[in-house]
Amino acid sequence: MDLEKMIKIRRELHQIPELGFQEVKTQKYLLDFIHDLPQDHLKVETWKTGIFVKVEGTVGDKTIGYRTDMDGLPITEDTGFDYQSKHKGNMHACGHDIHMTIALGILAELVENRPKHHVLMIFQPAEEGPGGAAPMLESEPMKKWWPDSIFALHIAPELPTGTVSSKEGLLFANTSELFINLKGKGGHAAYPHQSRDMVVGASAMVTDLQQIVSRMVDPLDAAVISIGKINGGTVQNIIAEEAKLEGTIRTLNAKTMDFIKSRIEKISEAIELRFDCEVTIDYGSNYYQVWNQKKYVDQFEREMSLIEVPYQQANQAMTGEDFGYMLKEIPGFMYWLGVDSPYGLHHAKLNPDEEAIETGIKAGVHMLKHIE
Ligand SMILES: CC(=O)N[C@@H](CCC[C@H](N)C(=O)O)C(=O)O
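All values derive from a computational prediction rather than experimental measurement.

Novice: Outline the pattern of salt bridges, supporting the account with residue identities and numerical values.
Specialist: Scanning the model with the defined rule gives 18 salt bridges in all. Between arginine 11 and glutamate 354 there is a salt bridge, and its shortest N-O distance comes to 2.7 Å. On the criterion of sequence distance, the pair formed by arginine 11 in helix α1 (residues 3-14) and glutamate 354 in the loop between β17 (332-338) and α10 (356-370) is long-range, its members being 343 residues apart. Its salt-bridge partner being arginine 274, residue aspartate 208 comes within 3.1 Å of it at the nearest N-O pair. Here aspartate 208 is found in helix α6 (residues 198-216), whereas its partner arginine 274 is found in helix α7 (residues 254-275), with 66 residues between them in sequence. Using a relative accessible area of 52% as the deciding quantity, one classes arginine 274 as exposed.

Okay, structure coming up:
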């Protein structure tokens, strides 16, 4: 594997970030690379903007799955790099460009030096939303080439380059998106008593939502409610008739998610009474927790020591990953790959160390050849 070539690929992918299920250029880029490989032992099928590639193993008594995500985020890049996003307002700010490059590098190595087991490389769209993993599991290529086990990685900005990290059991949280619409009555800013001000309604709602986790959830049972976007009103002297909130809920256990949703509904009824308005709630897409099987994590740790890739025990994280749906149906695990970036995931200045691509390929190829 030529690291310089892989960095070039990463930078090309970095320039064309596309949102979930719009990954048309990205899919074409990946297909061009895949079609340039020797085709003798490859089978390729597309699904929406995703791709399945099956590499025939030399023995082929099992199939091992490897999944990468493909989509970018609606963030305006602020890295100042000469290879920064050409898609204004979108950025690969969650490392999916690195993930895809590693998957291509793994594929190229496996074609050169075929594994014993069949390998199913899954290029999955829409991880950031609305979620590609669950529908992909229902697709024909997936059913036809169903893997016996599966794994995937995610970059970790806070870990040193060249290191990996995982844990058995829960790695990533249960998540649910949260969209709240408040409808009151607009009017002149000088006559608030004749209106139902949804800027005030929405502000009260945000404050009330923040009290669910701090006052109603057991502090030993971690949960998060974050509102990432608030929109309302038109101009400074008109009272806002409508306001919209967008956020996400994260919990370590599924029952707590149900509890939080029931509290959000109570708060919304209270806001309706207090502000004489209408509140509607939509939970968007929900992601199932990422649950790692001990057997595979233990083997991963052992195999990493054999190839001298430093491994460390991970903590649970409140990030979400729709790969959790794949792990719900297929045994396997997910791990973090250190990329040592001073800025974190979902930041406009995220700057993963590209040297980590080498470790990602080395770890992936080794595991695909040795996983039990
Ligand atoms: C690894 C990562 O950052 N994943 C995303 C998944 C998004 C889930 C969904 N759109 C939501 O916001 O609930 C994350 O934000 O954790």
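Novice: Which residues make up the side chain of serine 85, and what are the values?
Specialist: As for its position among the elements, serine 85 is in the loop between β3 (63-69) and α3 (96-112). Given the relative accessible area of 15%, serine 85 is considered buried. Within polar-contact distance, the side chain of serine 85 engages the backbone oxygen of histidine 87 at 3.0 Å. At 2.8 Å, the side chain of serine 85 and the backbone oxygen of asparagine 90 are in polar contact.

Novice: I'd like to hear about the domain arrangement of the chain, residue by residue, with values.
Specialist: Along its sequence, the chain is carved into domain 1 (3-172 + 289-370) and domain 2 (174-286). Here the C-alpha centre of domain 2 lies 35 Å away from the C-alpha centre of domain 1. Across the boundary between the two partners, domain 1 contributes 11 residues, which contact 11 residues of domain 2. For the domain 1 and domain 2 pair, buried surface summed over both sides reaches about 780 Å², with 55% attributable to carbon and sulfur atoms. Taken together, the links from domain 1 to domain 2 amount to zero salt bridges. At the surface where domain 1 touches domain 2, the tally comes to four residue pairs in polar contact (both at pLDDT 80 or more). Residue composition of the side of domain 1 that touches domain 2, grouped by class: five nonpolar, five polar and one charged.

Novice: A description of the nonpolar core should follow, citing residues and the corresponding values.
Specialist: In summary, soluble globular proteins display a tendency toward joint burial of nonpolar side chains. Counting residues in hydrophobic clusters, the biggest one holds 61 residues, and the most contacted among them are Met121 and Phe123. Among the elements that make up this core, the one with the highest residue count is α3 (nine residues). Contact partners of methionine 121, with chain neighbours within four places excluded, come to Ile51, Phe52, Val53, Tyr66, Ala103, Ile106, Leu107 and Leu368.

Novice: Before we move on, could you go through helix α8 (residues 294-306) and cite the residues and values that matter?
Specialist: Here α8 contains 13 residues, and its C-alpha end-to-end distance of 19 Å stays within 8% of the 18 Å for a straight helix at 1.5 Å per residue. The inward-facing, buried residues of α8 abut β5 (149-156), β6 (164-166), β15 (290-292), β16 (311-313), β17 and α10. Positive backbone phi, approximately 60 degrees, marks glutamate 308, located one or two places after α8.

Novice: So what about the site of the ligand? Which residues, and what values?
Specialist: Near the ligand lie 13 residues; those nearest to it are Glu128, Glu177, Thr248, Arg250 and Gly320. Here threonine 248 contributes a side-chain N or O atom positioned 2.9 Å from an oxygen atom of the ligand. The contact in question runs from a nitrogen atom of the ligand to an N or O atom on the backbone of glycine 320, over 2.8 Å. Coverage of the ligand by the protein amounts to 91% of the 410 Å² it exposes when considered alone. Going through the elements one at a time, β8 (174-183) and β12 (242-251) are the ones with two or more residues in the shell around the ligand. A per-element tally of the shell around the ligand places β8 first, with three residues.

Novice: Tell me about unusual backbone geometry, and please be specific about residues and values.
Specialist: Of the consecutive residues glycine 129 and proline 130, the connecting peptide bond is found in the cis state with omega at 0 degrees. On the secondary structure map, proline 130 appears in the loop between β4 (118-124) and α4 (133-137). Of note in this structure, lysine 48 is not a glycine but carries a positive phi near 45 degrees. Even without a glycine there, the phi angle at aspartate 340 is positive, about 45 degrees. As for its placement among the helices and strands, aspartate 340 is situated in the loop between β17 and α10. Here aspartate 340 falls in the partly exposed class, since its relative accessible area comes to 48%.

Novice: Break down the UniProt feature "active site" (unreviewed entry) in the chain for me, citing the residues and quoting the values.
Specialist: Feature annotation in UniProt places "active site" (unreviewed entry) on Asp69 and Glu128, given in this structure's numbering. Over a stretch of 60 residues, the named residues converge on one spot in the fold, their C-alpha atoms separated by at most 8.9 Å. Relative to the helices and strands, aspartate 69 is located in strand β3. Apart from the residues within four sequence positions on either side, aspartate 69 is in contact with His96, His99, Met100, Gln124, Glu127 and Glu321. Polar side-chain contacts of aspartate 69 include one of 3.2 Å to the side chain of histidine 96. Here glutamate 128 shows up in the loop between β4 and α4. Not counting residues within four places of it along the chain, the set of residues in contact with glutamate 128 comprises Asp71, Gly72, Leu73, Cys94, His96, Glu177, Tyr287 and His346.

Rules used throughout
Residues numbered from 1 in each chain as written. Predicted model: local features only at pLDDT ≥ 70, side-chain atom pairs only at ≥ 80, totals over all residues. Heavy atoms only, no water. Salt bridge = Lys/Arg side-chain N within 4 Å of Asp/Glu carboxyl O. Helix = DSSP H or I, 4+ residues; strand = E, 2+ residues; numbered from the N terminus. Buried < 20%, exposed > 50% of the residue type's maximum accessible area, 1.4 Å probe, protein only. Polar contact = N/O pair within 3.5 Å; in protein donor to acceptor, adjacent residues only side chain to side chain. Domains from an automatic or database assignment. Contact = heavy atoms within 4.5 Å. Buried area = accessible area lost by both parts, 1.4 Å probe. Nonpolar A, V, L, I, M, F, W, Y, C, P; charged D, E, K, R; others polar. Core = buried A, V, L, I, M, F, W, Y, C linked by side-chain atoms within 4.5 Å. Expected span 1.5 Å × (residues − 1). Near = heavy atom within 4 Å. Areas by Shrake-Rupley, 256 points an atom, 1.4 Å probe, with all protein chains shown as cover. UniProt positions renumbered as here; feature names shortened; annotations may be inferred.

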